[in-house]
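# A structural walkthrough
The primary structure of each chain is shown beneath.
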Amino acid sequence: MAYSEKVVDHYNNPRNVGSFDKKDPSVGTGIVGAPECGDVMKLQIKVSPQGVIEDAKFKTFGCGSAIASSSLATEWLKGKTLDEAAQIKNTDIVQELALPPVKIHCSVLAEDAIKAALADVKKKQMTTVGETASAL
Amino acid sequence: MALKFPIYLDSHSTTPVDPRVLEVMLPYFTEKFGNAASRNHAFGWAAEEAVETARGQIATLIHCDPKELVFTSGATESNNLALKGVAEMYREKGDHVITVTTEHRAVLDTAKRLEKQGLKVTYLSVGADGVVDPEAVRHAITDRTILISVMLANNEIGTVNPVAEIGKVAKDRGVLFHCDATQGVGKIPVDVQAMGIDVMSFTAHKMYGPKGVGALYVRRRNPRVRLAPQIDGGGHERGMRSGTLPVPLIVGFGEACRIAAEVMPTESVRLAALRDRLKEGIFKGLDEVYLNGHPVHRLPHNLNVSFAYVEGEALLMGLKDIALSSGSACTSATLEPSYVLRSLGVGSDLAHSSIRFGLGRFTTEEEIEYTIQKVVEAVSRLREMSPLYEMAKEGVDLKTVEWTRD
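Residues numbered from 1 in each chain as written. Chains lettered and ligands numbered in written order. Predicted model: local features only at pLDDT ≥ 70, side-chain atom pairs only at ≥ 80, totals over all residues. Heavy atoms only, no water.

This part takes up the overall build of chain B. Counting its regular elements, chain B contains twelve helices and 13 strands. Across chain B, the fraction of contacts at a sequence separation of at least 24, relative to all contacts at a separation of at least 6, is 73%. Here chain B has roughly 16,900 Å² of accessible surface; of this, 54% comes from carbon and sulfur atoms. For chain B, the distance from the average site of its 46 positive side-chain charges to the average site of its 51 negative ones is 5 Å. (Helix = DSSP H or I, 4+ residues; strand = E, 2+ residues; numbered from the N terminus. Contact = heavy atoms within 4.5 Å. Areas by Shrake-Rupley, 256 points an atom, 1.4 Å probe, with all protein chains shown as cover. Lys, Arg positive; Asp, Glu negative; His and termini not counted. Charge placed at Lys NZ, Arg CZ, Asp CG, Glu CD.)

Okay, structure coming up:
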């Protein structure tokens, strides 16, 4: 099976590979998938006090399409608000990367990773707000 | 010598036709085009003579009588004919077949069809090294057993089974023994007498012959094996497989066997040395690399390795100028990785991370050195990208993590 040019480009030059400190309250981490299924994605976002995603990083265990899907996701996340980020759909990724049907699950996993990272940072913010309130 | 790309390291899948083989085949496409079954003219006689010469060359390689060979379209058809032909012919005698979970799909899927037709099939499991235990075969035999089907060498992990011992078990109990020797013939010594094989499948294209022709060895005495034909027609091949013989392909098959017999002693040593160098280079350059299959009892040209924390298909993408095969199943609908590796007890994660290297007659030392370097680079790069590698390095036990599954 031949990969699309965009998948090959993301595979050869992955954007934003790396990690943030998981404990940082401004960082949201999403880890989805399972090793025995052949795909694990870790997606992290760093959110400004104004609620804008300043930076994003990923690490992925999976095929070329899984790597490309998560690499693309980090590019799209940067500069978005949390609400805007929540609008990213797996179908957008499928279209952009021209993924064949057997690789659609890679895009689904990327969407799941985005959602998990957003949920994580929101949870942290709630906790922070709660702590501030109780301190007052 | 300058490297030529892509490098071919997928010899378990197929092999190129040896130029010497092609040369002897060519006249049989054009001026010597006769039908080997035409008894009344020189065209037919020339074709028949060529087929009989090839039959002799093939018989010499596996130590049988030329009359015991039935030509087929390839190993898949040979396996089908062996299992279905025996099951149908010996139905009165029994209805039980013994085979192994790591067999090729051509055997397993045929066995499944027999089950649908009411036969009982025992699928023996193998040890962690992929070897079939002859004692397990012995214990599985019942009064109703008519056939044992065990492969000579596995197509993924290259493990070579103790076929002679299994042949002895079969003979002791009077059960027919079929061996799918597709990966072994022409690579390692095969002797159907010494190995006690009654029926054996093999094919030309795995041994530098053409695609489209295979053979089934069918024993003629002690015991005389009978098969119900699965293709009816002109009664070719002693009635066991009708259809006009593909003379050029058979001629190529014969020449491929002749060359294989001639070069095997030196070639198997050369390939084993190159394979060992490949293994050593990879294991020296990387940590957490695991050998799949038996360390010693394996085909000289096979290496199968799992690279922990790296997905096989992604790795192949990084090795695009080397033709390889992976046990990963990222593109399959089920997302299930190699059933062979799973049968050995290899975890799904490591099965997804496996690569099969199949060296061949035209593999060079330079190609192996290049492959080592590229594999080490690609695995290292992907591990830098792998969340699993990061977690493992942080001391997280990946088996205790609660993963999200679809």
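We are not done yet, so read on.
So, on to the sheet that holds strand β2 (residues 69–72) of chain B. Paired through backbone hydrogen bonds, the strands of a sheet run either parallel or antiparallel to each other. Residue and element names in this part refer to chain B. Ordered by their spatial adjacency, seven strands build an open sheet running β2-β8-β7-β6-β5-β3-β4, and the pairing between neighbours is mixed. Edge positions in the sheet fall to β2 and β4 (120–124), since each of these pairs with one other strand and no more. Geometrically, the sheet is characterised by an average inter-axis angle of 20 degrees between neighbouring strands, direction not taken into account. The pairing of strand β3 (residues 96–100) with β4 spans five bridges and is classified as parallel. By the bridge assignment, I98 is partnered in β4 with T122. Docked against the sheet, helix α3 (residues 75–89) engages β2, β5 (145–149), β6 (176–180), β7 (199–203) and β8 (214–218), running at close to 165 degrees with respect to β7. (Pairing = 2+ DSSP bridges. Axes fitted to C-alpha atoms, helices over the stretch in contact; angles between N-to-C directions.)

Attention shifts here to the environment of D129(B). Residues and elements named next belong to chain B. Considering the arrangement of structural elements, one finds D129 in the loop between β4 and α5 (134–140). Considered as a pair, D129 and E262 are 133 residues apart in the sequence and their alpha carbons are 31 Å apart. Apart from residues no more than four positions distant in its own chain, D129 is found in contact with I157, T159, G293, H294 and L344. There is a polar contact of 3.3 Å between the side chain of D129 and the backbone nitrogen of V131. (Polar contact = N/O pair within 3.5 Å; in protein donor to acceptor, adjacent residues only side chain to side chain.)

A separate point is the nonpolar core. By size, the foremost hydrophobic cluster in this structure holds 68 residues, and its most contacted members are I62(B), I148(B), M200(B) and F253(B). For this core, the element with the most residues is helix α7 (residues 247–285) of chain B, which contributes eleven residues. Each residue touching F253(B), except ones within four places of it in the same chain, is listed here: I58(B), F71(B), F202(B), T203(B), A204(B), M207(B), P210(B), V213(B), G214(B) and A215(B). Among the nonpolar cores identified, the runner-up in size contains 62 residues, and L43(A), I88(A), V289(B) and L382(B) belong to it. (Core = buried A, V, L, I, M, F, W, Y, C linked by side-chain atoms within 4.5 Å. Buried < 20%, exposed > 50% of the residue type's maximum accessible area, 1.4 Å probe, protein only.)

With that out of the way, let us pick up the packing of aromatic side chains. All told, the structure shown has six aromatic pairs over all chains when counted by the stated rule. Consider the rings of F5(B) and Y370(B), whose centres lie 5.0 Å apart with planes at 50 degrees: the pair is tilted. Taken together, the positions of F5(B) in the segment before β1 (7–8) and Y370(B) in helix α11 (residues 365–384) put the pair 365 residues apart, joining distant regions of the chain. For the pair Y309(B) and Y389(B), a centre-to-centre distance of 5.6 Å together with 55 degrees between the ring planes defines the contact as tilted. With Y309(B) in the loop between β10 (302–307) and α8 (312–318) and Y389(B) in helix α12 (residues 387–393), the pair connects residues that are 80 residues apart, well separated along the chain. Its relative accessible area of 16% is what places Y389(B) among the buried residues. Pairwise contacts between aromatic rings join F71(B), F202(B) and F253(B) into one cluster. The ring of F20(A) carries the charged tip of K46(A) above its face, separated from the ring centre by 5.7 Å. In this structure, R226(B) is placed above the aromatic ring of Y90(B), and the distance from its NZ or CZ to the ring centre is 5.9 Å. (Phe/Tyr/Trp six-rings, centres within 6.5 Å; stacked < 30°, edge-to-face > 60°. Lys NZ or Arg CZ within 6 Å of the ring centre and 35° of its normal.)

This next bit is on the sheet that holds β10(B). Residue and element names in this part refer to chain B. Taking strand neighbours across the sheet as the criterion, the four strands line up as β9-β10-β13-β12 in an open arrangement whose pairing is antiparallel. Only two strands of the sheet have a single neighbouring strand rather than two, namely β9 (289–291) and β12 (325–326). When β9 meets β10, the two strands line up antiparallel, connected through three bridges. The residue bridging Y290 from the neighbouring strand is S306, located in β10.

Quite often, the size of an interface is put as the accessible area lost when its parts meet. Between chain A and chain B, the residue contacts involve 31 residues of the former and 27 residues of the latter. For the pairing of chain A and chain B, the buried interface totals around 2,600 Å² over both sides, and the portion due to carbon and sulfur atoms is 62%. On the chain A side of the contact with chain B, Y11(A), E36(A) and F61(A) bury the most area, a combined 26% of that side's loss. In this structure, the connection of chain A to chain B is made through three salt bridges. Across the pair K103(A) and E313(B) runs a salt bridge, and its minimum N-O distance is 2.9 Å. Scanning the region where chain A abuts chain B turns up 13 residue pairs in polar contact (both at pLDDT 80 or more). Broken down by secondary-structure element, the contributors of at least two residues to the side of chain A that touches chain B are α1 (5–12), β1 (27–34), β2 (39–47), β3 (53–61), α2 (64–77) and α5 (104–135) of chain A. (Buried area = accessible area lost by both parts, 1.4 Å probe. Salt bridge = Lys/Arg side-chain N within 4 Å of Asp/Glu carboxyl O.)

This paragraph deals with helix α4 (residues 90–97) of chain A. Residues and elements named next belong to chain A. Taken residue by residue, α4 has N90, I93, V94 and L97 as its buried positions. Across the axial projection of α4, the buried residues extend over an arc of 100 degrees, all falling on one side. Remark: A98 follows α4 within two positions and exhibits a positive phi of approximately 55 degrees. (Arc of directions from axis to C-beta.)

This part takes up the pairing of strand β13 (residues 354–358) of chain B. All names here are of chain B. Burial of β13 is extensive: five of the five residues sit out of reach of the surface. Where burial is concerned, the two faces of β13 agree: the one with S354, R356 and G358 and the one with I355 and F357 are both buried. In terms of strand pairing, β10 meets β13 through five bridges, oriented antiparallel. The residue bridging V305 from the neighbouring strand is I355, located in β13. Pairing geometry for β12 and β13, over two bridges, is antiparallel. Paired with S325 across the two strands is R356, which belongs to β13.

All names here are of chain B. Burial analysis of β7 places five of its five residues in the buried class, which makes it a mostly covered element. Burial of the side chains of β7 extends over both faces: V199, S201 and T203 are buried on one face and M200 and F202 on the other. Two strands pair when backbone bridges link them, and β6 and β7 are joined in this way by three bridges, in the parallel orientation. Within β7, the position partnered with D180 by the bridge is S201.

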